[in-house]
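One letter stands for each residue in the lines below.
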Amino acid sequence: MKTRGIKRQLIGTVVSDKMDKTAVVQVERLVKHPLYKKYIRRRNKFAAHDKDNHCNIGDKVMITESRPISKQKRWRVSEIIEKAV
């Protein structure tokens, strides 16, 4: 019996919670510039499914890759790591 593949998990900050059951999470990563060898911050925004509307702006959350839930949602909020102050 085959097991399912390992799903990607990313940690980011909630930047919008205005939609129902959806949180927009901004994930930041460092990339080394090919010529200057300096690290640059790259940001991506992901629409993540937040079933119970627990996320608020500024929360640090872990999102997990999932099947397509809607046109733009391919991630789920798996846990809230740190609540915003």
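Residues numbered from 1 in each chain as written. Predicted model: local features only at pLDDT ≥ 70, side-chain atom pairs only at ≥ 80, totals over all residues. Heavy atoms only, no water.

Asker: Looking at this structure, how should I read the packing of aromatic side chains?
Answerer: Here the distance between the centres and the angle between the planes together describe a pair of aromatic rings. In total, this model carries one aromatic pair according to the counting rule given. An angle of 55° between the planes, with centres 5.0 Å apart, marks the rings of Phe46 and Trp75 as tilted. Remark: Trp75 occurs in strand S5 (residues 75-82) and Phe46 occurs in strand S3 (residues 39-49); sequence separation between them is 29 residues. For the pair Phe46 and Trp75, a shared accessibility class is recorded, and that class is buried. (Phe/Tyr/Trp six-rings, centres within 6.5 Å; stacked < 30°, edge-to-face > 60°. Helix = DSSP H or I, 4+ residues; strand = E, 2+ residues; numbered from the N terminus. Buried < 20%, exposed > 50% of the residue type's maximum accessible area, 1.4 Å probe, protein only.)

Asker: Can you walk me through the side chain of His49 in this structure?
Answerer: With respect to the helices and strands, the residue His49 is situated in strand S3. A distance of 3.4 Å separates the side chain of His49 from the backbone oxygen of Lys21, its partner in a polar contact. Polar side-chain contacts of His49 include one of 3.1 Å to the side chain of Lys73. The residues contacting His49, other than those within four sequence positions of it, are Lys21, Ile69, Lys73, Trp75, Arg76 and Val77. (Polar contact = N/O pair within 3.5 Å; in protein donor to acceptor, adjacent residues only side chain to side chain. Contact = heavy atoms within 4.5 Å.)

Asker: Help me understand the pairing of strand S1 (residues 9-16), please; the structure alone is not making it clear to me.
Answerer: Walk down a regular strand and you will see the side chains alternate between the two sheet faces. Sheet topology places S1 next to strand S4 (residues 60-65); five bridges connect them, and they run antiparallel. Of the residues in S4, the one forming a bridge with Thr13 is Lys60. Pairing of S1 with strand S2 (residues 22-32), which is carried by three bridges, proceeds in the antiparallel orientation. Within S2, the residue paired with Ser16 across the bridge is Val24. (Pairing = 2+ DSSP bridges.)

Asker: Would you mind going over unusual backbone geometry with me for this structure?
Answerer: Look at Lys21: it is not a glycine, yet its phi comes out positive at around 60°. Summarising the element assignment, Lys21 is placed in the loop between S1 and S2.

Asker: Where do I start with the pattern of salt bridges in this structure?
Answerer: For the structure on display, the rule yields three salt bridges. As a salt-bridge pair, Arg41 and Glu28 come within 3.0 Å of each other at their nearest N and O atoms. Linking Arg41 in strand S3 with Glu28 in strand S2, this pair joins segments that are 13 residues apart in sequence. Here Arg41 falls in the exposed class, since its relative accessible area comes to 52%. Judged by its relative accessible area of 40%, Glu28 is partly exposed. Across the salt bridge formed by Lys83 and Asp59, the nearest N and O atoms sit 3.4 Å from each other. Placement of Lys83 in the segment after S5 and of Asp59 in the loop between S3 and S4 is noted, with a sequence separation of 24 residues between them. A cluster of three or more residues bridged by salt bridges with shared partners is formed by Glu28, Arg41 and Arg43. (Salt bridge = Lys/Arg side-chain N within 4 Å of Asp/Glu carboxyl O.)

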